[in-house]
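What follows is the residue order along each chain.
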Amino acid sequence: MNILLLNGPNLNMLGQREPDKYGTQTLQDIVDDLQAQAESSNVTLTHFQSNAEHALIERVHAAMGSVDAIIINPAAFTHTSVALRDALLSVNIPFIEVHLSNVHAREPFRHHSYFSDVAAGVIVGLGAMGYSLALTAAINLTKSQK
Ligand code: DQA
């Protein structure tokens, strides 16, 4: 089973970036924990982070045919990117949307997501644990579809 983890803009700054909202773990810490979880479930997890919309879109396109499920934190692109939404729809791979912070308890512009209505599921506000829950869900979803 192949699962792709995608992280959008500014998530490379985790650990230093607004720790009151996003926690003190770095992105590498989160990815390392997730890799260990994937390994213990015999799952191949590939990670890609970019600050560039086109790079994320191209990574989604490249996943077609080889990836069973995507876990994505689109970060600020959540609230702006029709293009990344369309990319996910174009490859027809189920995806789970994750946000570290509870976007619904924040500024009104963070309440709308271009992804949630087409996601298999959405996890918000649980910090880094959200990624781990998403990986468990992605594995179970993929197994139930096979
Ligand atoms: C975020 C929430 C977004 O609104 C914000 O732009 C981010 C991170 C989160 O994980 O809580 O960059 O996706």
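As the structure is a computational prediction, the values presented were derived from the model and not from experiment.

**Examining the UniProt feature "active site" (unreviewed entry) in the chain**
In step 1: Mapped onto this numbering, the UniProt entry annotates "active site" (unreviewed entry) at Y22 and H99. Spanning 78 residues, the named residues form one tight spatial group whose C-alpha atoms are at most 9.2 Å apart.
In step 2: As for its placement among the helices and strands, Y22 is situated in helix α1 (residues 19–22).
In step 3: Looking at Y22, the number of C-beta atoms within 10 Å reads 21, which means it is buried.
In step 4: With residues near it in sequence (within four places) discarded, Y22 still touches L14, R17, L100 and S101.
In step 5: With respect to the helices and strands, the residue H99 is situated in strand β4 (residues 95–99).
In step 6: With near-sequence residues (within four places) excluded, H99 lies in contact with N73, V124 and G125.

**Quick word on the sheet that holds strand β2 (residues 44–49)**
In step 1: As summarised here, the arrangement of the 5 strands in space is β2-β1-β3-β4-β5, forming an open sheet in which the pairing is parallel. Each edge of the open sheet carries a strand with a single partner, namely β2 and β5 (121–124). Strand-to-strand twist across the sheet, computed as the mean angle between neighbouring axes with direction ignored, equals 15°.
In step 2: When strand β1 (residues 2–7) meets β2, the two strands line up parallel, connected through 6 bridges. Looking across to β2, one finds that L6 is bridged to F48.
In step 3: The strands touched by helix α2 (residues 27–40) within the sheet are β1 and β2, with β2 carrying the most contacts at an inclination of about 165°.

**Some words on the environment of L6**
In step 1: Tracing the backbone through its elements, the reader meets L6 in strand β1.
In step 2: Note on L6: 24 C-beta atoms within 10 Å, which makes it buried.
In step 3: Taking the C-alpha atoms as reference points, L6 and R59, 53 residues apart in sequence, are found 8.6 Å from one another.
In step 4: Ignoring any residue separated from it by four or fewer positions in sequence, one finds L6 in contact with F48, L56, R59, I70 and I72.

Calculation notes
Residues numbered from 1 in each chain as written. Predicted model: local features only at pLDDT ≥ 70, side-chain atom pairs only at ≥ 80, totals over all residues. UniProt positions renumbered as here; feature names shortened; annotations may be inferred. Helix = DSSP H or I, 4+ residues; strand = E, 2+ residues; numbered from the N terminus. Buried ≥ 20, exposed ≤ 12 C-beta atoms within 10 Å, placed from the backbone. Contact = placed C-beta atoms within 7 Å. Pairing = 2+ DSSP bridges. Axes fitted to C-alpha atoms, helices over the stretch in contact; angles between N-to-C directions.

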